[in-house]
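Now for the letters of each chain:
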Amino acid sequence: MSSKPVVLIAEELSPATVDALGPDFEIRHCNGADRAELIPAIADVDAILVRSATKVDAEAIAAAEKLRVVARAGVGLDNVDVSAATKAGVMVVNAPTSNIVTAAELACGLLVATARNIPQANTALKNGEWKRSKYTGVELSEKTLGVVGLGRIGVLVAQRMSAFGMKIVAYDPYVQPARAAQMGVKLLALDELLEVADFITVHLPKTPETIGLIGDEALHKVKPSVRIVNAARGGIVDEAALYSAIKEGRVAGAGLDVYAKEPCTDSPLFELDQVVCTPHLGASTDEAQEKAGIAVAKSVRLALAGELVPDAVNVQGGVIAEDVKPGLPLAEKLGRIFTALAGEVAARLDVEVYGEITQHDVKVLELSALKGVFEDVVDETVSYVNAPLFAQERGVEVRLTTSSESPDHRNMVTVRGTLSDGQEVSVSGTLAGPKHLQKIVAVGDYDVDLALADHMVVLRYEDRPGVVGTVGRILGEAGLNIAGMQVSRSEEGGEALVVLTVDDTLPAPVLTEIAEEIGATSARSVNLI
């Protein structure tokens, strides 16, 4: 039996994908489109890599007891049940930038093809017909292109078609007019765009709000000379309404790469000479497939190593700055220490980040701390994916606060929680030196300075002589070596706090003996392995 994590490749991917995974995984293959083959194949794998033909739905996820990552070598996630994956703590990753150039180029190709009737003329000539007059087209120069969705692909199409001399207008409620103006694009309401555009190209995600967006009502507002391209997602352009509009002369033509139901080999639109059709080729270039395979392979490596993945679609955080990455394991360990000190789940949890690091997006540190908080609380495996769900299910209010001011340390992270009885518990840590040594620097109001270790003990007691000796004696009798110790107190004779690091796990009876001998008001053991 191999001890390596198992990665199942369920569809044909670029050979570069396996190369990017490297030798650290056991690679298996199956036909993911064959349900009878997929379900047993997925049962004991750690990750599955798919394209668009494999449906990773709730049934498949439930059958995969060890599954930690679903990787889609492409952009769309129509075939992955992200909600079911999230509930199961399974990370879903895709390759969001792998095919943007390829998809944009295909949309541009369809625009040109519909304007100049290139495929129709090609077919006619190969059938022995010389029909120059029949396939007279229109110029793109000085025409108005309406881009519906000014995201990454929409922007690339706008840039490329402006080089043809086209005037670019766009509809996108999530783009500021000033940003569009910088690109030479005028933002319009959708109805305005429909009225003025000579060509319309769709670049929106498929959501309940966008399905049928270009439907019968919209197609009654367009110019009869308009040509419509959809190389985004099937169903955004209503195919039945488009067929009627072309048949009735209300739309001059269309270029389609995507369809409401795929694979699609039989559509009334295929009967129309004014329609140029391709079988979902938007991501089908050698370059795009290689980029997608390499991207998701890297994500799988990160995910199975327990690291946060920038391209995970069901994990908060986004791209992680290099200066932030070393803080992830620190924040997670602080979360685990917090839980050990609190002894319960907090009603409210604050993750506070101080110092120079706050010039970056540090949302991921909140997520990492949250993962640590629940690591020793729930039976399920806690991941960056389901940690927020555990907090939500338990009614924990989670907040992130940041400040560039950090008087005592270059950067510092504090995990602070309010318990059900109103008591506040907090622990703070920092990274020291070029090797990013993880240190605990405060417990509540007590300052300490101690390197984090796998096994730690935190004691509170009334300050008096002999306590440290008593603790050392009991640990020595138990055969436990003290690796480090830090004592802090509010005032002489008041409450004191000691943080110990020891070489092995502290047995519960030994901790109880220490607490009784010194009269500890609190005695907690922390194990970070």
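Shown above is the structure to which this text applies.
For the structure given in this document, a descriptive report is provided here.

What counts and what doesn't
Residues numbered from 1 in each chain as written. Predicted model: local features only at pLDDT ≥ 70, side-chain atom pairs only at ≥ 80, totals over all residues. Heavy atoms only, no water. Helix = DSSP H or I, 4+ residues; strand = E, 2+ residues; numbered from the N terminus. Rg over C-alpha atoms; globule rule 2.2 N^0.38 Å. Buried < 20%, exposed > 50% of the residue type's maximum accessible area, 1.4 Å probe, protein only. Contact = heavy atoms within 4.5 Å. Areas by Shrake-Rupley, 256 points an atom, 1.4 Å probe, with all protein chains shown as cover. Pairing = 2+ DSSP bridges. Axes fitted to C-alpha atoms, helices over the stretch in contact; angles between N-to-C directions. Polar contact = N/O pair within 3.5 Å; in protein donor to acceptor, adjacent residues only side chain to side chain. Core = buried A, V, L, I, M, F, W, Y, C linked by side-chain atoms within 4.5 Å. Phe/Tyr/Trp six-rings, centres within 6.5 Å; stacked < 30°, edge-to-face > 60°. Salt bridge = Lys/Arg side-chain N within 4 Å of Asp/Glu carboxyl O. Patch = residues over 30% accessible without salt bridge, like charges linked within 9 Å, V, L, I, M, F, W, Y side chains within 5 Å. Lys, Arg positive; Asp, Glu negative; His and termini not counted. Charge placed at Lys NZ, Arg CZ, Asp CG, Glu CD.

Let us now look at the overall build of the protein. The number of helices and strands found in the protein is 17 helices and 22 strands. Taking 2.2 N^0.38 as the reference for a compact globule, 529 residues should give roughly 24 Å; the C-alpha atoms of the protein span a radius of gyration of 30 Å, well beyond that estimate. The principal-axis extents of the C-alpha atoms in the protein amount to approximately 105 × 55 × 40 Å. The 529 residues of the protein split such that 49% are buried. Counting contacts in the protein only where the partners sit at least 6 residues apart, residues at least 24 apart contribute 63% of the total. As displayed, the protein has an accessible area near 24,800 Å², and 49% of this comes from carbon and sulfur atoms.

As a further point, take the sheet that holds strand 4 (residues 69-72). As summarised here, the arrangement of the five strands in space is 2-1-3-4-5, forming an open sheet in which the pairing is parallel. At either margin of the open sheet sits one strand with a lone partner, and together these are strand 2 (26-29) and strand 5 (91-94). Within the sheet, the average angular offset between the axes of one strand and its neighbour, ignoring direction, is 20°. Packed onto the sheet, helix 12 (residues 286-304) meets strand 1 (6-9), strand 3 (47-50), strand 4 and strand 5 and runs at close to 170° relative to strand 4.

Attention now goes to the environment of P173. If you trace the backbone, P173 turns up in the loop between strand 7 (167-171) and helix 8 (177-182). Along the primary structure P173 and L188 are separated by 15 residues, whereas in three dimensions their C-alpha atoms are 9.2 Å apart.

Assignment of secondary structure puts H280 in the loop between strand 12 (275-277) and helix 12. For the pair H280 and H203, spaced 77 residues apart in sequence, the C-alpha separation works out to 14 Å. What H280 contacts, discounting residues up to four positions off in sequence, is R233, D257, V258 and E262. Within polar-contact distance, the side chain of H280 engages the side chain of E262 at 2.6 Å.

Counting residues in each nonpolar core, the largest one holds 71 residues, and the members touching the most others are V300, F338, L365 and V427. At nine residues, helix 13 (residues 327-342) tops the list of elements feeding residues into this core. Filtering out sequence-adjacent residues up to four positions away, V300 remains in contact with V7, L21, A47, L49, V69 and A71.

Before going further, it helps to examine the packing of aromatic side chains. Scanning all chains against the criterion turns up two aromatic pairs. An angle of 90° between the planes, with centres 5.8 Å apart, marks the rings of Y259 and F270 as edge-to-face. With Y259 in the loop between strand 11 (253-256) and strand 12 and F270 in the loop between strand 11 and strand 12, this residue pair connects regions lying eleven residues apart in the sequence. Taking the relative accessible area as the measure of exposure, F270 reaches 33% and is therefore partly exposed. Here F374 and F390 contribute two aromatic rings whose centre-to-centre distance is 6.1 Å and whose plane-to-plane angle is 40°, an arrangement assigned as tilted. Taken as a pair, F374 in helix 14 (residues 363-375) and F390 in helix 15 (residues 387-393) lie far apart in primary sequence, 16 residues in all. Judged by relative accessible area, which is 1%, F374 ranks as buried. The class for F390 is buried, based on a relative accessible area of 6%.

Attention now moves to the pattern of salt bridges. Per the stated rule, a full pass over the model turns up 28 salt bridges. Its salt-bridge partner being E375, residue K371 comes within 3.9 Å of it at the nearest N-O pair. A residue pair is termed a helical-turn pair when its members lie 3 or 4 positions apart in one helix, as K371 and E375 do in helix 14 at four residues. We classify K371 as buried; its relative accessible area is 10%. What you see here is one network of salt bridges that share partners, running through E26, R28 and D44.

Where like charges cluster on the molecular surface, the negative patch consists of E105, D286, E287 and E290. Among the elements that line the negative patch, the one with the most residues is helix 12, at three residues. According to the relative accessible area criterion, E105 is partly exposed, its value standing at 46%.

Across the sheet, seven strands lie side by side as 8-7-6-9-10-11-12; this open sheet has parallel pairing. Of all the strands in the sheet, the pair left with one neighbour each is strand 8 (186-187) and strand 12. Pairing analysis gives five bridges linking strand 6 (residues 144-148) to strand 7, with the strands arranged parallel. Looking at strand 7, one finds that V147 is bridged to A170. Across the sheet, helix 5 (residues 100-116) is in contact with strand 6, strand 9 (199-202), strand 10 (227-230), strand 11 and strand 12; its angle to strand 10 comes to roughly 155°.

Honestly, it's all geometry; don't read function into it.
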